[in-house]
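Report on the structure
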Amino acid sequence: MTVTTDAPGTLPTPADEARLWALIEAAWAELGAEPLALRQALVERDPADDDGDDDGPSSAIDAWLDAFLDHLGQLTVELTGQELTDLDRVVERKLYDIDREDIHEVTDGSDDGFLYARGFIVALGRSYYEAVLADPAMALLDADCEGMCYFFAHLHNDRFGSWPETGSGISRESFGNRVGWSA
């Protein structure tokens, strides 16, 4: 699915996007087979069959998110400030592109809650992200990964003492993608 936006500015490069997804996969891979199976179950599930059961793969993956973020941080320890900025630009764009009313209808949540739900979608990796992008019903109610939303920006700040300037001209905050919302 091609996402059309009205946002000017610097776009992520395909190489930076590929690097983000590869880092996410590598961080999850270090956690073993169980979270891999849980993530795959979320990608393959039929959202029409969801019964709201709190002990399904969506809630089980929550227990792995902190370890995933720790591993992601370890994998990026040698990156330069520019490389972290480039990765932050990709995350920012991914969050922006799924800042859509049809996805919000599934995830629900306040401004922050919807941002964190989109962080969860990105954190689960490219397969899940693309599944939600193509079919918003694949998103989950009340799922969140706040730590993913500004992950690389915080790393940049911690390591280099400044917030990265992505030059994108967009905001990852909720309800900023005008194209994704009814007028």
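This text follows the structure it describes.
Described in the following lines is the structure provided in the data block.

Looking now at the overall build of the protein. Check the secondary structure of the protein and you find 10 helices and 0 strands. Each helix and strand of the protein, placed in order from N terminus to C terminus, yields the pattern α-α-α-α-α-α-α-α-α-α. C-alpha atoms of the protein, sized along the principal axes, occupy 45 × 45 × 25 Å. Counting across all 183 residues of the protein, residues that qualify as buried make up 46%. Summarising the internal contacts of the protein: among those between residues at least 6 apart in sequence, 80% fall at separations of at least 24. When the accessible area of the protein is evaluated, it comes to approximately 8,700 Å², of which 50% is carbon and sulfur surface. Between the mean site of the 12 positive side-chain charges and the mean site of the 38 negative ones, the protein shows a separation of 9 Å.

Attention now goes to the packing of aromatic side chains. Throughout the structure, instances matching the rule amount to 8 aromatic pairs. With centroids separated by 5.5 Å and ring planes inclined at 50°, the aromatic side chains of Trp21 and Tyr129 adopt a geometry described as tilted. Within this pair, whereas Trp21 is found in helix 1 (residues 14-29), its partner Tyr129 is found in helix 8 (residues 126-134), the two being separated by 108 residues in sequence. Residue Tyr129 is classed as buried on the basis of its relative accessible area, which comes to 2%.

Here we come to the nonpolar core. Of all hydrophobic cores here, the largest spans 45 residues; its most connected members are Trp28, Phe68, Phe120, Met148 and Phe152. Those elements that place two or more of their residues in this core are helix 1, helix 2 (33-44), helix 4 (65-75), helix 5 (81-97), helix 7 (111-123), helix 8, helix 9 (146-149) and helix 10 (151-160). Setting aside its immediate chain neighbours within four residues, Trp28 contacts Pro35, Arg39, Ile61, Trp64, Leu65, Phe68, Ala123 and Leu124.

Phi at Asp142 takes a positive value of approximately 65°, unusual for a residue other than glycine. Along the chain, the position of Asp142 falls in the loop between helix 8 and helix 9. Even without being a glycine, Phe175 presents a positive backbone phi close to 70°. In this fold, Phe175 is placed in the segment after helix 10.

Helical geometry note: an α-helix holds 3.6 residues per turn, so side chains three or four residues apart project in the same direction. Of all the residues in helix 10, the buried ones are Phe151, Phe152, Ala153, Leu155 and His156. Where helix 10 is buried, its residues contact helix 1, helix 4, helix 5 and helix 9. Once helix 10 ends, the next one or two residues include Gly161, with phi positive near 75°.

Rules and cut-offs
Residues numbered from 1 in each chain as written. Predicted model: local features only at pLDDT ≥ 70, side-chain atom pairs only at ≥ 80, totals over all residues. Heavy atoms only, no water. Helix = DSSP H or I, 4+ residues; strand = E, 2+ residues; numbered from the N terminus. Buried < 20%, exposed > 50% of the residue type's maximum accessible area, 1.4 Å probe, protein only. Contact = heavy atoms within 4.5 Å. Areas by Shrake-Rupley, 256 points an atom, 1.4 Å probe, with all protein chains shown as cover. Lys, Arg positive; Asp, Glu negative; His and termini not counted. Charge placed at Lys NZ, Arg CZ, Asp CG, Glu CD. Phe/Tyr/Trp six-rings, centres within 6.5 Å; stacked < 30°, edge-to-face > 60°. Core = buried A, V, L, I, M, F, W, Y, C linked by side-chain atoms within 4.5 Å.

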